[in-house]
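Commentary on secondary and tertiary structure
Chain residues, written in single-letter form:
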Amino acid sequence: GLAFALVPAAGIGERSGADRPKQYVEVAGRPLMAHTLAALLAVPALSATLVVLSPEDSHFEKALPEFHGDRAWLARCGGATRAATVAAGLDELMARGARAQDWVLVHDAARCLLRPEWVQQLIAACADEAVGGLLALPLADTLKEAHQGRSRSTLDRRGKWAAQTPQMFRIGMLREALALAGAAVTDEASAIEALGHEPLLVEASLENFKVTWPADFALAERLLRSR
Ligand code: C5P
């Protein structure tokens with residue numbers, strides 16, 4: 001099947017401390033999301049990249065006037081949660097001709113350090129998979145269970161991975177999974193797991209972090225400028 005990218009970009013980025021949604025904060029001379037979209041558009045195997053905005057978004061056209069063309073698609077159907085935004089985006093892909101057996105690679109707008117090679121590696125790794133997979137990284141830190149700011153216990157980090165994006169699944173299966181999983185899931189793989197499947201973990205780079213906290217902007221800026 002074909003492969004499409006879907007970028008949920010309807011969040012408000014509450015934790016970032018910025019005066020606008022984090023995907024629009026200027027990083028290395030461009031809005032953060034411009035770096036993300038440039039990486040996806042540089043992957044020839046992706047037929048199109050669909051950005052899903054909040055219906056109230058007032059920044060996109062001014063911030064990213066260069067995002068247009070046959071392979072650059074925009075929809076304003078974002079929801080109250082990431083899962084709702086992705087589900088609405090999948091419906092939009094099908095309305096534009098994608099089929100249930102085609103692949104979708106869901107990628108966070110806020111992971112602006114993405115490299116096209118990593119996307120190609122994920123696609124290659126999942127080509128023979130029935131279900132799909134995701135970029136992820138084995139945990140380096142020791143994990144603490146917190147209670148009121150104190151460490152109550154230590155979780156075994158062996159066999160634990162931090163999920164990143166892109167996460168690559170069949171459009172039809174992901175629609176079904178999200179419909180059953182509800183609003184609380186924070187990634188696509190957890191919805192797929194709830195159907196009883198085991199997505200492939202494809203080892204990724206620490207550089208593919210999600211810009212989340214105030215200090216993350218400066219780190220992203222340094223990395224982008226050093227490329
Ligand atoms: O808030 P967090 O960093 O987990 O968001 C991950 C991604 O999901 C971001 O790209 C954000 O814009 C997106 N999102 C969305 N719709 C929401 C909430 C988050 O598209 N309602």
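Procedures and definitions
Along each chain, numbering runs from 1 in the same order as the chain's sequence is written. Predicted model: local features are reported for residues with pLDDT of at least 70 only, side-chain atom pairs are reported and counted for 80 or more only, and whole-chain, interface and lining totals are derived from all residues. Following DSSP output, two strands are said to pair if at least two bridges run between them. Helix and strand labels come from DSSP, where a helix needs a run of H or I of at least four residues and a strand needs a run of E of at least two; each type is numbered from the N terminus. Between N-to-C directions, angles span 0 to 180 degrees; the directions come from axes that are lines fitted to C-alpha atoms, helices contributing only their stretch in contact. Contacts here follow a simple rule: the backbone-placed C-beta atoms of the two residues must lie within 7 Å. Near, for a residue, is defined by distance from a backbone-placed C-beta atom to a molecule or strand, with 6 Å as the limit that must not be exceeded. The residue classification treats Ala, Val, Leu, Ile, Met, Phe, Trp, Tyr, Cys and Pro as nonpolar and Asp, Glu, Lys and Arg as charged. All others, Gly included, are polar. Burial in this document is a count-based property: other C-beta atoms within 10 Å of a residue's C-beta are tallied, and the residue is buried at 20 or more, exposed at 12 or fewer, or partly exposed in between, with C-beta positions derived from the backbone. We call a set of buried Ala, Val, Leu, Ile, Met, Phe, Trp, Tyr and Cys residues a nonpolar core when their C-beta atoms link them within 7 Å. Left-handed describes a crossing whose near helix is turned anticlockwise from the far helix through less than a right angle; right-handed describes the clockwise counterpart. For every residue, the pLDDT score states the predictor's confidence, bounded by 0 at the bottom and 100 at the top.

Right, let's talk about the sheet that holds strand 5 (residues 72–75) for a bit. Strands sit in the order 5-4-1-6-10-7-11 across an open sheet of 7 strands; the sheet is mixed. The open sheet is flanked by strand 5 and strand 11 (200–203), the only strands paired with a single partner. With strand direction ignored, the average angle separating the axes of adjacent strands in the sheet is 25 degrees. Pairing of strand 4 (residues 46–53) with strand 5, which is carried by 4 bridges, proceeds in the parallel orientation. Within the sheet, the bridge partner assigned to Leu50 lies in strand 5 and is Trp73. Each of strand 1 (3–9), strand 4, strand 5 and strand 6 (103–106) is contacted by helix 3 (residues 82–95), which is oriented at about 140 degrees to strand 1, the strand it contacts most.

What follows deals with the site of the ligand. Lining the immediate environment of the ligand, one finds 16 residues, of which Pro8, Ala10, Gly11, Thr85 and Ala109 sit closest. Of all the secondary structure elements, the ones that give two or more residues to the shell around the ligand are strand 1 and helix 3. Its residues placed into classes, the shell around the ligand shows 6 nonpolar, 7 polar and 3 charged.

The next thing to look at is unusual backbone geometry. Here the residue pair Thr165 and Pro166 is connected by a cis peptide bond, since its omega of 5 degrees sits within 30 degrees of zero. Position of Pro166 relative to the elements: it lies in strand 10 (residues 161–170). Even without being glycine, Ala28 reaches a positive phi, approximately 50 degrees. In this structure Ala28 comes out as partly exposed when scored by C-beta crowding, with 17 C-beta atoms within 10 Å. Phi is positive for Gln148, close to 50 degrees, though the residue is something other than glycine. If you trace the backbone, Gln148 turns up in the loop between strand 8 (143–147) and strand 9 (150–155). Of the residues examined, Gln148 has 5 C-beta atoms within 10 Å and is grouped as exposed.

We now examine the nonpolar core. Ranked by size, the top nonpolar core spans 66 residues in total, and within it Phe4, Leu6, Leu50 and Val104 carry the most contacts. Leu6 has contacts with Leu50, Val52, Val86, Gly89, Leu90, Leu93, Val104 and Val106, leaving out every residue within four places of it along the chain.

At their nearest, the axes of helix 3 and helix 5 (residues 171–181) sit 10 Å apart, and the two run at 145 degrees to each other. Of the two possible hands of crossing, helix 3 and helix 5 adopt the one that is left-handed. Across the interface between the two elements, Ala83, Val86, Ala87, Leu90, Leu93 and Met94 from helix 3 touch Ile171, Leu174, Arg175, Leu178 and Ala181 from helix 5. Along the lines of polarity and charge, the residues of the contact of helix 3 with helix 5 split into 10 nonpolar, no polar and 1 charged.

Attention shifts here to the confidence of the model for the protein chain. Residues at a pLDDT of 70 or more form 100% of the protein chain, whose mean pLDDT is 97. As a predicted assembly, this complex carries a pTM of 0.97 together with an ipTM value of 0.92.

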